[in-house]
Amino acid sequence: MSNLEKYDKLFLSSFRVKPEDLPTLTYRGIPAWDSVGHMEFMSEMEETFKISLSTLDVLDFSSYEKGKEILAKYGVTL
Amino acid sequence: MDILRWTDPLAEGNCYVCAEGDRAVVIDPCHPEGPASLLEERGLVPEWILLTHEHCDHMLGLEPLRHKYPEAIVLCSAPCDAGMQNKYLNMSAMMEVYLTFKGKPGAHYPPLVCSPADQTFAEEHTMTWRGHTLRLTPLPGHTPGSTCILLDRDTLFTGDYLIPGEAVITRLPGGNTEIYERVARPWLSALPPGLRICPGHGEPYALTQEVKDTYGL
């Protein structure tokens, strides 16, 4: 499975959204991606890609697209 | 018996100290220094350290307390034991984020893990301590290791269940709504009004049917 497929799968399983929703998905844009959902989601992100995100980057992870930029800082290319 | 409480000003978790003579049972050592200083001020020596669940805001002070009182026995449920050794399940990996969401940005709260407990239980566990009975009931839902601790049939330490004004959270890592509904909620529903509730956050209070209604119990 490619990194992009893993990344997409995390969103799809965590927030029960459809693939076509991903490009416009934002933090607090759906009920499931609230502050509680964000913490579990970020924990799964770290475990999946074996990285440790800084607190600032976790807080800055505000959308599907923004997340790609942040993961790139940790050497995860999508 | 005296029941003392120490509250962490940052994460607002409660540590309870049940004191009998100069000996004590500590429930949820939530801070590296606070509970230990309370014990010292009162001249108490802990014989047991019990945990209501694995979240770091309930056990941040566990390792320092063990270091200071190596004879104290740490007891918790088996899933709590596993969870406190995992930075995701014990929430310490996301604690700075959590505190930011709670309006406390900039706090330094590095990820941590704890050493294994000295004793664990998988089923309901009853212990007698200096003439008192403590019944520890595993109630997964909020976390896999969540446990309520009933002292002498009149005081219940609930951890993150029955927190004043807050709904039960089952969506954090390891939480499970279905298990909460099937296991924890029926048990909590059966609690008798009049019980003294000592929650993991907030002030202790007397359980009433009105309070139970607010939790849908």
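Residues numbered from 1 in each chain as written. Chains lettered and ligands numbered in written order. Predicted model: local features only at pLDDT ≥ 70, side-chain atom pairs only at ≥ 80, totals over all residues.

Draft legend 1. Structural view of the overall build of chain B. Across its full length, chain B carries seven helices and twelve strands. Rg of the C-alpha trace for chain B: 16 Å, near the compact-globule value of 17 Å for 217 residues, within the 12% margin. Each of the three principal axes of chain B carries a C-alpha extent, and together these read 45 × 40 × 30 Å. Residues classed as buried in chain B amount to 47% of the 217 residues present. For chain B, contacts bridging at least 24 residues in sequence account for 60% of all contacts bridging at least 6. (Helix = DSSP H or I, 4+ residues; strand = E, 2+ residues; numbered from the N terminus. Rg over C-alpha atoms; globule rule 2.2 N^0.38 Å. Buried ≥ 20, exposed ≤ 12 C-beta atoms within 10 Å, placed from the backbone. Contact = placed C-beta atoms within 7 Å.)

Draft legend 2. Structural context of the sheet that holds strand S1 (residues 2-7) of chain B. Residue and element names in this part refer to chain B. The sheet built from six strands is open, its strands ordered S1-S2-S3-S4-S5-S6 with mixed pairing. At either end of the open sheet lies a strand with only one pairing partner, and these are S1 and strand S6 (119-121). Between one strand and the next, the sheet's axes are offset by a mean angle of 20 degrees, whatever the strand orientation. Bridging between strand S3 (residues 23-27) and strand S4 (residues 45-50) involves five bridges; their strand directions are parallel. If you follow Arg-23 over to S4, its bridge partner there is Val-45. (Pairing = 2+ DSSP bridges. Axes fitted to C-alpha atoms, helices over the stretch in contact; angles between N-to-C directions.)

Draft legend 3. Layout of the sheet that holds strand S12 (residues 205-206) of chain B. Residue and element names in this part refer to chain B. Across the sheet, six strands lie side by side as S7-S8-S9-S10-S11-S12; this open sheet has mixed pairing. If you trace the sheet from one side to the other, it starts and ends with strand S7 (125-129) and S12, each paired once. Examined bridge by bridge, S7 and strand S8 (residues 132-138) share five bridges and lie antiparallel to one another. Bridging from a neighbouring strand, His-125 pairs with Leu-136 of S8.

Draft legend 4. Just the nonpolar core, in detail. All names here are of chain B. The biggest cluster of nonpolar side chains holds 66 residues, and the ones touching the most others in it are Val-17 and Leu-50. A per-element tally of this core places strand S2 (residues 14-20) first, with five residues. Other than its neighbours up to four places away in sequence, Val-17 contacts Leu-4, Ala-24, Val-26, Pro-35, Leu-38, Leu-39 and Leu-44. (Core = buried A, V, L, I, M, F, W, Y, C linked by C-beta atoms within 7 Å.)

Draft legend 5. Representation of the interface of chain A and chain B within the structure. Opposite the twelve residues of chain A that make contact, chain B presents twelve residues. Of all the secondary-structure elements, those providing two or more residues to the side of chain A that touches chain B are helix H2 (35-49) and helix H3 (55-60) of chain A. No other element matches H2 of chain A, which puts nine residues into the side of chain A that touches chain B. Residues belonging to the side of chain A that touches chain B are distributed by class as follows: five nonpolar, four polar and three charged. (Nonpolar A, V, L, I, M, F, W, Y, C, P; charged D, E, K, R; others polar.)

Draft legend 6. Main features of the environment of Glu-40 of chain B. Residues and elements named next belong to chain B. By secondary structure assignment, the location of Glu-40 is in helix H1 (residues 34-42). C-beta crowding within 10 Å serves as the criterion here: with 12 such atoms nearby, Glu-40 is assigned to the exposed category. As for Glu-40 and Ala-11, which are separated by 29 residues in sequence, their C-alpha atoms are 22 Å apart.

Draft legend 7. Summary view of H2 of chain A. Taking 1.5 Å of rise per residue, 15 residues should cover 21 Å, and H2 of chain A covers 21 Å from first to last C-alpha, within 8% of that figure. Along H2 of chain A, the residues that are buried comprise His-38, Met-39, Phe-41, Met-42, Ser-43 and Met-45 of chain A. Residues of H2 of chain A that are buried make contact with helix H1 (3-15) and H3 of chain A together with helix H5 (95-101) of chain B. Positioned one or two residues after H2 of chain A, Lys-50 of chain A has a phi angle of 55 degrees, which is positive. (Expected span 1.5 Å × (residues − 1).)

Honestly, that's just the spatial picture; any functional story needs more than this.
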